[in-house]
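Overview (structure and organization)
So you can see what is in the structure, the chains are spelled out below.
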Amino acid sequence: MEFKLRDWKLSDAEGIVPLANNQKIAGNLRNTFPYPYTLDDAHLFITKSIHSHKRNHLNKAIEIDGSPSGSISLLMQEDVSCKSGELGFWLGEPFWGKGIMADAITQICETGFEDLALERIYARPFAENTAARKTLEKAGFQLEGIFKKSIFKNGKVMDSCMYALTR
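Quick summary incoming for the structure in this document. Keep in mind that this is a model prediction, so the values were computed, not measured.

Regarding the overall build of the protein
On a plain count of helices and strands, the protein comes out with five helices and seven strands. Taking 167 residues into account, the globule formula puts the C-alpha radius of gyration at 15 Å, and the protein, at 15 Å, falls close to it. Along the longest, intermediate and shortest principal axes, the C-alpha atoms of the protein span 40 × 40 × 30 Å. Counting only contacts in the protein whose residues sit at least 6 apart along the sequence, the fraction spanning at least 24 positions is 61%. Averaging the positions of the 21 positive and the 21 negative side-chain charges in the protein gives two centres separated by 5 Å.

Quick word on the packing of aromatic side chains
Summed over the entire model, instances satisfying the criterion amount to three aromatic pairs. For the pair Phe-33 and Trp-90, a centre-to-centre distance of 5.7 Å together with 70 degrees between the ring planes defines the contact as edge-to-face. Of the two residues, Phe-33 is situated in the loop between helix 2 (23-26) and helix 3 (39-50) and Trp-90 in strand 4 (residues 84-91); the sequence distance between them amounts to 57 residues. For Trp-90, a relative accessible area of 8% corresponds to the buried category. Members of the aromatic cluster, each reached through a chain of ring pairs, are Phe-33, Tyr-37 and Trp-90.

Here we look at the pattern of salt bridges
This structure, assessed with the given rule, holds ten salt bridges. We note a salt bridge from Glu-144 to Arg-120, for which the minimum N-O separation is 2.3 Å. Of this pair, Glu-144 sits in strand 6 (residues 142-153) while Arg-120 sits in strand 5 (residues 120-123); the two residues are 24 residues apart in sequence, bridging distant segments of the chain. Lys-156 serves as the salt-bridge partner of Glu-128, at 2.8 Å between the closest nitrogen and oxygen. Pair noted here: Glu-128 is in the loop between strand 5 and helix 5 (130-138) and Lys-156 is in strand 7 (residues 156-166), with a separation of 28 residues, a long-range link. Since its relative accessible area comes to 40%, Lys-156 is described here as partly exposed.

A short note on the packing of helix 4 (residues 100-114) against helix 5
Where helix 4 meets helix 5, the axes come as close as 9 Å, and the angle between the chain directions of the two elements is 50 degrees. With respect to each other, helix 4 and helix 5 are oriented oblique. As for how helix 4 packs across helix 5, the hand of that crossing is right-handed. Counted together, Met-101, Ala-102 and Ile-105 of helix 4 and Thr-135, Leu-136 and Lys-138 of helix 5 form the full contact between these two elements.

What counts, and where the lines are drawn
Residues numbered from 1 in each chain as written. Predicted model: local features only at pLDDT ≥ 70, side-chain atom pairs only at ≥ 80, totals over all residues. Heavy atoms only, no water. Helix = DSSP H or I, 4+ residues; strand = E, 2+ residues; numbered from the N terminus. Rg over C-alpha atoms; globule rule 2.2 N^0.38 Å. Contact = heavy atoms within 4.5 Å. Lys, Arg positive; Asp, Glu negative; His and termini not counted. Charge placed at Lys NZ, Arg CZ, Asp CG, Glu CD. Phe/Tyr/Trp six-rings, centres within 6.5 Å; stacked < 30°, edge-to-face > 60°. Buried < 20%, exposed > 50% of the residue type's maximum accessible area, 1.4 Å probe, protein only. Salt bridge = Lys/Arg side-chain N within 4 Å of Asp/Glu carboxyl O. Axes fitted to C-alpha atoms, helices over the stretch in contact; angles between N-to-C directions. Parallel < 35°, antiparallel > 145°, perpendicular 65-115°, else oblique. Left-handed = near helix turned anticlockwise from the far one by under 90°.

Given below as structure tokens:
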């Protein structure tokens, strides 16, 4: 399935709400990703994304068939970690299992290494999120470790994983 990574537009807000308003997505992301996900949440997210380049944050819409269908980002780290970036991503459920996200991860990592001079890109999926873990592995990421009892989400203490890809 064809997709492209592009900058967010304010007009994307109404299109992402039905995809982002999904407990299966929100349940595997940080608490900053709200559930339920409203039009106001979409406007706030997109406004921040549009201005994110000023904060060393690359955030792109994943467009499928002309519509925003998910998000992928690199958050550049600071100080002694300034050559590292944290990867974050989500994709609307109708597009799961089609290889889109692994390809999107590969594409944004190429940008991170080539244009942003990163040396290391990492992600910290919840250990129970086997789909995200397999997607990262498909994109070439290596499991570096498991952080025991490092996440508290929806009243439950869970493990998280550290995956990384280096230049």
